[in-house]
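Secondary and tertiary structure notes
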Amino acid sequence: MSKPELLLIGPYPEWDMVELEAQFIVHKLYEAADKDEFVRQHADRIRAIATRGELGASAELIGQLPKLEIISIYGVGFDAVNLNAARARGIRVTNTPDVLTNDAADLGIAMMLVQSRGMIGAETWVRDGSWASKGLYPLKRRVWGRKAGILGLGRIGYEVAKRLKGFDMDIAYSDVSEKPYAEAMTYIADPVELARHADFLFVTLAASAATRHIVGKAVIDALGPEGMLINISRASNIDEEALLGALETGSLGSAALDVFEGEPRLNPRFLALDNVLVQPHHASGTIETRKAMGKLVRDNLSAHFAGATLPTPVL
Ligand code: 8YV
């Protein structure tokens with residue numbers, strides 16, 4: 001039987017490329033100079049899309065592929081895939097939940113510690129000779145025992161909370177409803193009230209049209225000049241203009257961000273700020289997790305083409 005044809009939206013690690021190319025005829029959209037022309041050339045044979053969380057698949061692209069049966073996402077977030085367009089045509093959509101949860105939580109915790117203790121500046125202090133020439137590094141803020149707020153107590157939020165308990169923190173969370181599994185945490189429904197409670201506010205909710213800019217001026221003001229915002233979800237959950245303004249004036253203390261509007265070309269105003277820790281959308285970026293994600297992408301595709309049950313369907 002001939003291999004099914006697949007459109008790959010962005011590159012995967014080499015180990016995944018080898019496996020994918022063994023199973024599929026892979027058309028690499030990201031290498032095409034003229035993407036529309038490239039899609040047109042292969043449109044009547046492409047039965048699958050493999051994409052990444054942040055790249056997704058637009059309604060326009062889905063509309064150009066009459067034979068499309070499945071979209072497999074390398075990532076847990078499916079906000080960049082137009083689910084309505086997929087649903088309307090009975091196109092299956094899969095993602096890679098669970099396998100990346102712990103790494104995403106680890107990165108959120110690491111960002112809190114690094115930023116609160118000023119470790120990037122401290123590293124420079126040693127390397128540029130300031131330690132020897134200027135003496136002691138400025139004092140920073142404690143993490144343990146302080147107040148954390150978690151906006152979105154899903155899989156990743158829950159793992160963040162578990163880790164925060166190890167720092168003896170007072171933990172509150174906000175979600176659409178109270179969660180029965182939230183032991184020893186306070187439920188605060190209103191994100192503004194949650195931010196008022198918190199020294200560290202973690203944004204861990206799945207992005208959708210409904211959550212767009214859920215962290216707006218009111219939440220940012222409530223977090224305040226001593227507060228830290230940590231985002232390991234999607235940029236769209238935060239009003240970036242409001243965030244930048246608050247960081248520039250100091251009405252928000254600091255931020256640690258793994259995701260940005262228009263990434264990887266983030267707003268250069270972030271780079272002029274020393275109260276922001278920036279990361280290159282790397283919450284799931286470990287070899288172990290990325291290997292598991294790649295395998296799950298392929299397991300979903302293989303199951304589909306074998307007529308078997310999809311391991312992790314979204315649609
Ligand atoms: C990316 C993600 O998919 O899980 C998600 O939703 O955004 C990430 O895991 C990953 O960075 C690969 O591009």
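Relevant structure appears above.
In this report, the structure presented in the accompanying data block is examined. (Residues numbered from 1 in each chain as written. Predicted model: local features only at pLDDT ≥ 70, side-chain atom pairs only at ≥ 80, totals over all residues. Heavy atoms only, no water.)

Counting its regular elements, the protein chain contains 12 helices and 12 strands. Against the 2.2 N^0.38 benchmark of 20 Å for 315 residues, the protein chain shows a C-alpha radius of gyration of 21 Å, consistent with a compact globule. Here the C-alpha coordinates of the protein chain stretch approximately 70 × 50 × 30 Å along the principal axes. Buried positions account for 48% of the 315 residues belonging to the protein chain. Long-range pairs, those at least 24 residues apart, make up 57% of the contacts in the protein chain between residues at least 6 apart in sequence. Accessible area for the protein chain stands at about 15,000 Å²; split by element, carbon and sulfur atoms hold 55% of it. Taking the 34 positively charged and 40 negatively charged side chains of the protein chain as two groups, their mean positions are separated by 2 Å. (Helix = DSSP H or I, 4+ residues; strand = E, 2+ residues; numbered from the N terminus. Rg over C-alpha atoms; globule rule 2.2 N^0.38 Å. Buried < 20%, exposed > 50% of the residue type's maximum accessible area, 1.4 Å probe, protein only. Contact = heavy atoms within 4.5 Å. Areas by Shrake-Rupley, 256 points an atom, 1.4 Å probe, with all protein chains shown as cover. Lys, Arg positive; Asp, Glu negative; His and termini not counted. Charge placed at Lys NZ, Arg CZ, Asp CG, Glu CD.)

Further remarks concern helix α5 (residues 101-116). The terminal C-alpha atoms of α5, which comprises 16 residues, lie 23 Å apart, in line with the 22 Å expected from a rise of 1.5 Å per residue. Among the 16 residues in α5, 12 count as buried, and that is most of the element. Where α5 is concerned, the buried positions are T101, D103, A104, A105, L107, G108, I109, M111, M112, V114, Q115 and S116. A positive backbone phi angle near 65° is found at G118, which sits one or two residues after α5. (Expected span 1.5 Å × (residues − 1).)

Attention now goes to the environment of M112. One can find M112 in helix α5. The spatial distance from the C-alpha of M112 to the C-alpha of H197 is 17 Å, given a sequence separation of 85 residues. Not counting residues up to four positions away in its chain, the partners in contact with M112 are V143, L164, M169, F200, F202, M228 and I230.

On to the site of the ligand. Contacts to the ligand come from 13 residues, most closely from Y74, V76, G77, R234 and H281. Separating an oxygen atom of the ligand from a backbone N or O atom of V76 is a distance of 2.7 Å. Within the contact set of the ligand, an oxygen atom lies 2.7 Å away from a side-chain nitrogen or oxygen of H281. When the ligand sits alone it has 330 Å² of accessible area, and the protein chains cover 92% of it. (Near = heavy atom within 4 Å. Polar contact = N/O pair within 3.5 Å; in protein donor to acceptor, adjacent residues only side chain to side chain.)

What follows is about the pairing of strand β3 (residues 46-52). Here β3 lies mainly inside the structure; five of its seven residues are buried. Relative to β3, strand β1 (residues 5-8) runs parallel, the two sharing four bridges. Among the inter-strand pairings, L7 is bridged to a residue of β3, identified as I49. Where β3 meets strand β4 (residues 70-74), five bridges bridge the pair, whose relative direction is parallel. Each residue of the ladder has a partner; that of A50, found in β4, is S72. (Pairing = 2+ DSSP bridges.)

This part takes up the sheet that holds strand β7 (residues 170-174). Reading across the sheet, the seven strands line up as β8-β7-β6-β9-β10-β11-β12 and stay open at both edges, with parallel pairing between neighbours. The two strands at the open ends of the sheet, each matched to only one other strand, are β8 (186-187) and β12 (276-278). Alignment of strand β11 (residues 254-257) against β12, held across three bridges, turns out to be parallel. Each bridged residue has a counterpart across the sheet, and for L257 the counterpart in β12 is V278. With respect to the sheet, helix α8 (residues 155-165) is in contact with β6 (147-151), β7 and β9 (200-203), its orientation differing from that of β6 by roughly 170°. The strands touched by helix α11 (residues 240-249) are β10 (228-231), β11 and β12; relative to β11, the strand with the most contacts, the crossing angle is about 135°. (Axes fitted to C-alpha atoms, helices over the stretch in contact; angles between N-to-C directions.)

Bringing the sheet that holds β3 into the picture now. Reading across from one edge, β2-β1-β3-β4-β5 is the order of the five strands in this open sheet, with parallel pairing throughout. At either end of the open sheet lies a strand with only one pairing partner, and these are β2 (25-28) and β5 (92-94). With strand direction ignored, the average angle separating the axes of adjacent strands in the sheet is 20°. Lying over the sheet, helix α12 (residues 287-305) contacts β1, β3, β4 and β5, oriented at roughly 170° with respect to β4.

Our next topic: the packing of aromatic side chains. This model, assessed by the stated rule, comprises six aromatic pairs. When the ring of Y158 is compared with that of Y181, the centres are 5.5 Å apart and the planes differ by 90°; the resulting orientation is edge-to-face. One end of the pair, Y158, is in helix α8; the other, Y181, is in the loop between β7 and β8, with 23 residues separating them in the sequence. Its end group placed over the ring of W15, K291 keeps NZ or CZ at 4.5 Å from the ring centre. (Phe/Tyr/Trp six-rings, centres within 6.5 Å; stacked < 30°, edge-to-face > 60°. Lys NZ or Arg CZ within 6 Å of the ring centre and 35° of its normal.)

By themselves, these observations are geometric and do not establish any function.
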